Structures are given as C-alpha cells and as structure tokens.
Amino acid sequence: MNMKQRIDWDNLGFNAYETKSMYIAKFDSNGTCIDKGLVPYGDIKLSPAATVLNYGQGVFEGTKAYETSKKRVVFFRLNDNANRFKNSCLRLCMPEIPNEMFVNAVKETVLDNLEYMPKKEQGSLYIRPLAFGSGPDLGVKPSSNYTFLVYVTPVGSYFQSGLKSLNVLVTDKYHRVATKSIGFAKAIGNYSGTLLPFKEITEVGYDEIVFLNASDENIIDEARSANIFVLKDKTLKTPPVEGSILPGITRDSVLKIGKKLFDLEVKEEDVTLEDLVNADEVFFTGTAVIVAPVGSISFKKKKIDYKKPYSDSMTKKIRETLIDIQNENIEDPFGWIYSLN
Ligand code: COI
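Summarised in this report is the structure supplied together with it. (Residues numbered from 1 in each chain as written. Predicted model: local features only at pLDDT ≥ 70, side-chain atom pairs only at ≥ 80, totals over all residues. Heavy atoms only, no water.)

Between its terminal C-alpha atoms helix 2 (residues 78-91) stretches 20 Å, which fits the 20 Å expected from 14 residues at 1.5 Å a residue. For helix 2, the full list of buried residues reads Leu78, Asn81, Ala82, Arg84, Phe85, Ser88 and Cys89. End-on, the buried residues of helix 2 take up no more than an arc of 170 degrees, which puts them together on one face. Directly beyond the C-terminal end of helix 2, a positive phi value near 65 degrees is found at Cys93. (Helix = DSSP H or I, 4+ residues; strand = E, 2+ residues; numbered from the N terminus. Expected span 1.5 Å × (residues − 1). Buried < 20%, exposed > 50% of the residue type's maximum accessible area, 1.4 Å probe, protein only. Arc of directions from axis to C-beta.)

This part covers the packing of helix 2 against helix 3 (residues 99-112). Contact pair helix 2 / helix 3: the axes reach a minimum separation of 9 Å and the direction vectors enclose 125 degrees. Looking at the two axes, helix 2 sits oblique to helix 3. In the crossing of helix 2 with helix 3, the sense of the turn from one axis to the other is right-handed. Across from Leu78, Asn79, Asn81, Ala82, Asn83, Phe85 and Lys86 in helix 2, the residues of helix 3 making contact are Asn99, Phe102, Val103 and Val106. (Axes fitted to C-alpha atoms, helices over the stretch in contact; angles between N-to-C directions. Parallel < 35°, antiparallel > 145°, perpendicular 65-115°, else oblique. Left-handed = near helix turned anticlockwise from the far one by under 90°. Contact = heavy atoms within 4.5 Å.)

So, on to the pairing of strand 5 (residues 73-76). Of the two faces of strand 5, the one holding Val73 and Phe75 and the one holding Val74 and Phe76 are both buried throughout. Where strand 4 (residues 63-67) and strand 5 come together, three bridges link them in antiparallel fashion. Paired with Glu67 across the bridge in strand 5 is Val73. The turn linking strand 4 back onto strand 5 is made up of five residues, and Lys71 within it adopts a positive phi angle of 60 degrees. Note: strand 5 against strand 17 (residues 337-339), three bridges, orientation antiparallel. Paired with Val74 across the two strands is Ser339, which belongs to strand 17. (Pairing = 2+ DSSP bridges.)

Here it is, written out as structure tokens:
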C-alpha cells in the first residue's frame, strides 16, 4: 500500500501524513542561500549540536491551500504568513526569508503534492514552513547555518470532537509565555511549554486550556495554539497584539469580517476574566482550528456555560463566512484569496 492509500480521507483530523516531496533551502550565517529545491519527503539529517536541538532556535508557520468551488487551488493571505515568518526569524536571530522566496517555496511544494489535496468537504492541504538553526554550535549564540523547509499534509478538523463546543479550563497554574519574551513570534519553544498543561487538563476531561497574562493575571492571553474572542451584545473583543499575543491571521480576518460583514463593534483590548464570565459567546481562532466555539469556561472550580446554541450563534456565522471565502463559495470582499496558477 502506498502512503496515499493509507490516508483516511473522510476522517483526516490533524496529522502529519507522508506526502511526495518537501522543499529545503540552506543558508549560511549571513543569510546567503547556498542550496534550494524540492527533495523527496523524508527524514532530515542534523548534527547533534544543531542550535535548534540544543537551544530551540526555530520558528514555523501554518497556512492552508484549498481546492475551491471554482475548481482551482488557492491560498489565503499567504503574504501575511511570509511577513510573520520574517518577524519570527528576526526575533530568533535568524536570517529573514524574503517574501518572494517564502511564497515560491510554498507554491512549488503545493504544486508538486497536489495529489494530496483533500476534496473541499474533507479538508484542506496544511502547509508548514519551518526555519531553524542547523549549524553545530555549542555555545548559546545564533547558529552558523540555517535550514528553511516547507512540507504539506492533508488535514481535516483540528479538534477530535469536530465542531462540538469546547469545555475550556483557564489555568492559573501555568503561563504560556513571558510577556516580554517570544510569545508574539511563532517560535517552537512557545508550544513545548503547553504540552504538560494540556496533558493535565485533558486527563480531567477538558478539551482546551487558556492561559492568563504573565504580567497581569486579571487578563487572558490565548490558548495553546489559538487566539481567543469574546462577544457581548454587538461587541467583539480580542486581546491586543502586544508582547505575548500571536498576531493570528485568522484573528485579524475575524476582526475584519465581524466589522465589515456583521456590523459588529470590534475591539483589540485586554480581555478580563470578568469579560469571559459575562460573554454571550466565546470562540478560538487559528489556521488550524479555524473558528472553534467554546461551550464552557472553568476557572478556580467555577464553571460558566454559554447558553447560545452554536446553530444560532454569531460564532457560526463568522466561521461559515470565513470558510465560504476560503472555499470561494462567495466573493472575497477583502482581496485575501491568491490562486496557485
Ligand atoms: C496554526 O493554526 O496553523 C498553528 O500554527 C497552530 C498549530 C500549533 C497547530
């Protein structure tokens, strides 16, 4: 059986399936590209002293390609991923990958792996660009060389529960990141710290965890891998992109959709625990999770159930509008869609 036959297309979930090829480029410490191109998908060779393995000098992106109603393959705000990737590289002291190279690498990889593109109803092709210090450098310092890599894999729903509203715990035991550290970058280290907290909360029956701000525990930051929104009457609010908050591209899209298409008052302001308690609706946003409804929030043994059923919610309207734009079921009023060819 080949790799493609092993894929359960109707239950893709969020897994790394082996595909045909991936893109690799190598850079020296000055940021000069010394080698680039597609190679067969597979394991990579790394020195045990590689900076990424020893000191976490690595960043990533997450974006998707969609096969749309217009029977073409499109990307969503890909240039914004390229910009964020550059900012993440800068923060981790790595050469900035130029936008043109980032976009071309993504296009080449997707084009060569089109046989792994799910049908619209099954999901999308997830694209994972990485950049990391691959030089063998024992001291804590920027690496002597770098790797830029892009791989793709078919994905469906991020949460195993599909679209069931999530039972969420707000933790006061752990922070996700320090306020003035690397939280705003898509640095690999921001994610490893969430593994144990997540394991602990799933063992007691929760679906997702939300972290408080490390400098002010009255306000909330975000979940493991998604930004958070609260809706009260016609006001939609999410924490501002400062310090510890990841500048999510879905986050920004939801702010724009909410304002332009649903006439909501949108605010990028601190979200307090009180805002959470009093909200009509709460949801997460991210490339992987898209827009995911929250059914309940628990904090210090107190549980709030959000009463609005998903079927009748603004969360649903925003989610479906975003997906309709990405799948070209409706015209894209924002200029976000970018065709592969
Ligand atoms: C994404 O939404 O693409 C992300 O990067 C989150 C990921 C950690 C699952």
